[in-house]
Amino acid sequence: MAGSSATLWMEKLFKVLVIGDQGVGKSSIVLRYVNKRFDERYKASIGVDFGLKTIEWDRQTVVRLQLWDIAGQERFKKMSRVYYRGAMGAVVVFDMTNSSTLEAAAEWKQDLDSKVSLDSGRPVPAVLLANKCDIIGRDRDLVSSLDGFCKDNSFAGWFETSAKDNINIDEAGAFLVKQMMLCDTSLSAEEYHRDVIKVSQAPEESQSQSLCCWSPRL
Ligand code: GDP
Ligand code: MG
């Protein structure tokens, strides 16, 4: 370890589920968020894809998001408990051009809440993404209904997003991290110190993606 300017970092790892119907843009959102690109031909593999997003949250804290993108399992409309276990946040995506995917988002949220919760018993923070806003622009009726939808379904908030045009993806990610940090107050001092690691230099800004495939038993 070269260099004398050692910095104290607290590292936080959050497992985040990315759920919603097939075709709404989940994999594209992960690809945009982690790899900063969009590819219409991008096809996620079958099983679960993992994206790792590293954020320098503040001067002391590095946040690592392990994004679990269901790939090809949306047709079951629900996931096994094994998949949800340990999740500390969720991104529920729907397609603004397809209203049935919004109804499905409510079902995905119910499935999530029935299978995982915080230690306190409260639902894990979830953000709703109204994706593909580049296609239809701002839909006033939809937008005005989403506040109520979020309240009824216990979402922490919602964003209009476009993975294609890179609209609100980072903002939604930061919002969710903030919500997860607020819920993450139960760390004991011991855990706190275990989380603190010493590194000789700041971690790189750039993100890496580790892609592998795992098919949980349903
Ligand atoms: P998934 O099945 O939910 O993972 O959805 P994909 O990420 O595979 O996206 C499904 C289709 O929607 C693909 O053809 C994408 O190129 C397209 N798509 C995803 N996000 C956007 C977006 O923000 N805008 C537009 N116009 N197309 C998108
Ligand atoms: Mg996908």
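In short, a report on the structure. (Residues numbered from 1 in each chain as written. Chains lettered and ligands numbered in written order. Predicted model: local features only at pLDDT ≥ 70, side-chain atom pairs only at ≥ 80, totals over all residues. Heavy atoms only, no water.)

**As for the overall build of the protein chain**
- For the protein chain, the count of helices and strands is 7 helices and 7 strands.
- Mapped in sequence order, the helices and strands of the protein chain form the string β-α-β-β-α-β-α-β-α-α-β-α-α-β.
- Per-residue burial over the protein chain gives 47% buried out of 218 residues.
- Taking as baseline every contact in the protein chain between residues at least 6 positions apart, the subset at least 24 positions apart corresponds to 76%. (Helix = DSSP H or I, 4+ residues; strand = E, 2+ residues; numbered from the N terminus. Buried < 20%, exposed > 50% of the residue type's maximum accessible area, 1.4 Å probe, protein only. Contact = heavy atoms within 4.5 Å.)

**Concerning the side chain of Asp-95**
- Topologically, Asp-95 is positioned in strand β4 (residues 89–95).
- Classification of Asp-95 as buried rests on a relative accessible area of 7%.
- There is a polar contact of 2.6 Å between the side chain of Asp-95 and the side chain of Thr-97.
- A polar contact is formed between the side chain of Asp-95 and the side chain of Lys-132, at a distance of 3.2 Å.
- When near neighbours in sequence (up to four residues on either side) are disregarded, Asp-95 contacts Gly-23, Val-24, Thr-101, Asn-131 and Lys-132. (Polar contact = N/O pair within 3.5 Å; in protein donor to acceptor, adjacent residues only side chain to side chain.)

**With respect to the nonpolar core**
- Residues Leu-17, Ile-19, Tyr-84, Phe-94, Leu-112, Leu-128 and Leu-146 are the most contacted members of the largest nonpolar core, which totals 33 residues.
- Where this core is concerned, the elements lending two or more residues are β1 (7–19), β3 (61–71), α2 (81–84), β4, α3 (100–115), β5 (126–131) and α5 (140–152).
- Top element by residues in this core is α3. It accounts for 6 residues.
- Aside from chain neighbours lying at most four places away, what touches Leu-146 is Phe-94, Leu-102, Leu-128, Ala-130 and Trp-158.
- If you look at the next biggest cluster of nonpolar residues, it comprises 23 residues, including Val-127, Leu-129, Ala-163 and Ile-169. (Core = buried A, V, L, I, M, F, W, Y, C linked by side-chain atoms within 4.5 Å.)

**Topic: the site of ligand 1**
- By nearness alone, 18 residues border ligand 1, and Gly-23, Lys-26, Ser-28, Asp-134 and Ala-163 come closest of all.
- A distance of 2.7 Å is found between an oxygen atom of ligand 1 and a side-chain nitrogen or oxygen belonging to Lys-26.
- Taking Ser-27, its side chain carries an N or O atom lying 2.9 Å from an oxygen atom of ligand 1.
- Protein coverage of the free-state accessible area of ligand 1, which is 580 Å², stands at 83%.
- The dominant element in the shell around ligand 1, judged by the number of residues it contributes, is helix α1 (residues 26–35), at 3 residues.
- Taken together, the residues that form the shell around ligand 1 break down as 4 nonpolar, 7 polar and 7 charged. (Near = heavy atom within 4 Å. Areas by Shrake-Rupley, 256 points an atom, 1.4 Å probe, with all protein chains shown as cover. Nonpolar A, V, L, I, M, F, W, Y, C, P; charged D, E, K, R; others polar.)

**Some thoughts on α3**
- For α3, which comprises 16 residues, the first-to-last C-alpha distance of 23 Å matches the rise-based estimate of 22 Å (1.5 Å per residue) to within 8%.
- Within α3 the residues assigned to the buried category are Thr-101, Leu-102, Ala-104, Ala-105, Ala-106, Trp-108, Lys-109, Asp-111 and Leu-112. (Expected span 1.5 Å × (residues − 1).)

**Description of unusual backbone geometry**
- Its identity is not glycine, yet Lys-36 carries a phi of approximately 60°, on the positive side.
- Looking at where Lys-36 falls in the secondary structure, it is placed in the loop between α1 and β2 (47–56).
- One non-glycine residue with positive phi stands out, namely Lys-132, at about 70°.
- Within the secondary structure layout, Lys-132 lies in the loop between β5 and α4 (133–136).

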